[in-house]
Amino acid sequence: MTARMRALIPALAALALAGLAAPAASADPVQDPIPVGPNMYFTAAVNPQAASTGTVPVIKVICPGPYQPGQTGHPISGQYVEAYAVVPPTSSFVGYTGSAADQIDALFSGAVPSTVNPPVVIKNFFVEVPIPTTLNLPCGGTGTVSFVPIPTSPTAQGYAVKVDYANIAV
């Protein structure tokens, strides 16, 4: 082996190591989806990116004119619900899929009891599921999004997230 070749070996080794390290540094830190299944603990969030601030999540709704009690409107696009699988909890403030669930339904409630919306179906943990813009939601006030294991069983336990509804058309 020539002196020139011996000098190139450390440089080539360094380039090879840099090439191996580069993909690891740029890897997506997002959790892979996990299918919802029986006997899993979970938590959930509404508008997960905003929920990380520790405040009550806001669902933005388009309603004509100033808010009137009982008035409903449609949520704007770009809002989501998400469920997260967690290890067996140290607190009782988590949901549990029970012995039969293969999905979690997000059900929206608020100040308008006569409005019935279809559930937003969550089939995988760690996946943002869009809130449909066709839902009829309160134009203001507070409510709850209930995350309910489906099909239910005697051991299933839902998880609730308090939300604020805000009319953005005012």
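Residues numbered from 1 in each chain as written. Predicted model: local features only at pLDDT ≥ 70, side-chain atom pairs only at ≥ 80, totals over all residues. Heavy atoms only, no water.

Chemist: Please clarify how the sheet that holds strand β6 (residues 95-96) should be interpreted in this entry.
Modeler: Sheet strands pair via backbone hydrogen bonds, and the direction of the pair is either parallel or antiparallel. The strand order β6-β2-β5-β10 describes an open sheet built from 4 strands, whose pairing is antiparallel. Each edge of the open sheet carries a strand with a single partner, namely β6 and β10 (129-130). Sheet topology note: the strand β2 (residues 41-46)/β6 ladder contains 2 bridges and is antiparallel. Of the residues in β6, the one forming a bridge with Y41 is Y96. (Pairing = 2+ DSSP bridges. Helix = DSSP H or I, 4+ residues; strand = E, 2+ residues; numbered from the N terminus.)

Chemist: Where do I start with unusual backbone geometry in this structure?
Modeler: What you tend to see is this: most non-glycine residues have negative phi, and most peptide bonds are trans. With an omega of -10°, the peptide bond running from I150 to P151 counts as cis. On the secondary structure map, P151 appears in the loop between β12 (140-150) and β13 (159-167). Within the chain, N39 stands out as a residue other than glycine whose phi angle is a positive 60°. Tracing the sequence through the fold places N39 in the loop between β1 (34-35) and β2.

Chemist: Can you walk me through the environment of Q68 in this structure?
Modeler: Relative to the helices and strands, Q68 is located in the loop between β3 (58-62) and β4 (72-75). Residue Q68 is classed as partly exposed on the basis of its relative accessible area, which comes to 46%. (Buried < 20%, exposed > 50% of the residue type's maximum accessible area, 1.4 Å probe, protein only.)

Chemist: For this particular structure, what's the right way to read the nonpolar core?
Modeler: The nonpolar side chains of soluble globular proteins are, as a tendency, buried together. Counting residues in each nonpolar core, the largest one holds 27 residues, and the members touching the most others are V46, I59, V81, I104, F108, V145 and F147. If you list the elements that add at least two residues to this core, you get β2, β3, β5 (80-86), β7 (103-109), β8 (120-122), β12 and β13. Tallying contributions element by element places β13 first for this core, with 4 residues. The contact partners of I59, leaving out residues within four places of it in the chain, are V46, N47, P75, Q79, F108, L137, V145, V163, D164, Y165 and A166. (Core = buried A, V, L, I, M, F, W, Y, C linked by side-chain atoms within 4.5 Å. Contact = heavy atoms within 4.5 Å.)

Chemist: Looking at this structure, I do not really get the packing of aromatic side chains. What am I missing?
Modeler: The geometry of an aromatic ring pair is captured by the separation of the ring centres together with the interplanar angle, meaning the angle of the planes. Under the defined criterion, the tally for this structure stands at 3 aromatic pairs. A ring pair is formed by Y41 and Y96, whose centres lie 4.7 Å apart and whose planes are at 45°; its orientation type is tilted. Highlighted residues: Y41 in strand β2 and Y96 in strand β6, separated in sequence by 55 residues. Given a relative accessible area of 18%, Y96 falls into the buried group. Ring centres of F42 and F125 lie 6.4 Å apart, and the angle between their planes is 40°; this geometry places the pair in the tilted category. Here F125 lies in strand β9 (residues 124-125) and F42 lies in strand β2, a separation of 83 residues in the sequence. Taking the relative accessible area as the measure of exposure, F42 reaches 0% and is therefore buried. Look at F125 and you get buried, because its relative accessible area is 0%. (Phe/Tyr/Trp six-rings, centres within 6.5 Å; stacked < 30°, edge-to-face > 60°.)

Chemist: Before we go on, may I ask you to explain the environment of I59 in this structure?
Modeler: Positionally, I59 belongs in strand β3. For I59, a relative accessible area of 0% gives the class buried.

Chemist: When you look at the sheet that holds β4 in this model, what are you seeing that I'm missing?
Modeler: With respect to topology, 7 strands assemble into an open sheet ordered β8-β7-β12-β13-β3-β4-β11, the strand pairing being mixed. In this open sheet, the two edge strands, each paired with only one partner strand, are β8 and β11 (137-138). Here 7 bridges tie β7 to β12, and the two strands are oriented antiparallel to one another. By the bridge assignment for β12, A106 is matched with F147.

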